[in-house]
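Tertiary structure, described
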Amino acid sequence: MQSAFDWNIDFDAWSELANTDPHAFEKQRSDLVDKVIECSIKERQLRLRRLQWRIDQVRERAPTPLAACIRLSSMMWDSVMGEGGLHEALQTLRHTKPKADPRRKATVLQFRGPSTGGH
């Protein structure tokens, strides 16, 4: 999906902004997150907003940025390796035989070759 803004993020510029003006950094970060969600598929936007709310709550409640990072990393690993996570879903797919698709059945028709009788 094509977006209306530049996806390139200058880490040094963002780092400098975070160090010199944390409020401006947070505003820009929040605006960028909103733009990314807006550019996503409509059916996923609500789920993404809810996930971002959870992320923001973890960040707000953590005593330090490092603690927030560790908690968010744990949250990510739970979504991959935890019950009902990505790993479990992939294992289920791996061990599930695909059902026959009735649309894949077809009758093969025989056609006569080109006639040589001038018709």
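Going by the structure above, here's the rest.
This section reports on the structure supplied with the text.

1. Details of the packing of aromatic side chains
Going through the model one piece at a time under the given rule, you end up with one aromatic pair. Between the aromatic rings of Trp14 and Phe25, the centroid separation amounts to 5.5 Å while the plane-to-plane angle is 85°, which identifies the pairing as edge-to-face. Taken together, the positions of Trp14 in helix 1 (residues 11-20) and Phe25 in helix 2 (residues 22-38) put the pair 11 residues apart, joining distant regions of the chain. Comparing Trp14 with Phe25 shows no difference in burial state: the two are buried.

2. A short note on the pattern of salt bridges
Tallied over the full model, the rule gives five salt bridges. Salt-bridge contacts for Glu26 lead to Arg59; the nearest nitrogen and oxygen are separated by 3.3 Å. Separated by 33 residues along the polypeptide, Glu26 in helix 2 and Arg59 in helix 3 (residues 42-61) bring together distant segments of the chain. Judged by its relative accessible area of 34%, Arg59 is partly exposed. Residues Lys27 and Asp31 are paired through a salt bridge, measuring 3.0 Å at the closest nitrogen-oxygen approach. Residue Lys27 and its partner Asp31 are both found in helix 2; the two are separated by four residues, about one turn of the helix. Among the residues examined, Asp31 registers a relative accessible area of 29% and is labelled partly exposed.

Calculation criteria
Residues numbered from 1 in each chain as written. Predicted model: local features only at pLDDT ≥ 70, side-chain atom pairs only at ≥ 80, totals over all residues. Heavy atoms only, no water. Phe/Tyr/Trp six-rings, centres within 6.5 Å; stacked < 30°, edge-to-face > 60°. Helix = DSSP H or I, 4+ residues; strand = E, 2+ residues; numbered from the N terminus. Buried < 20%, exposed > 50% of the residue type's maximum accessible area, 1.4 Å probe, protein only. Salt bridge = Lys/Arg side-chain N within 4 Å of Asp/Glu carboxyl O.

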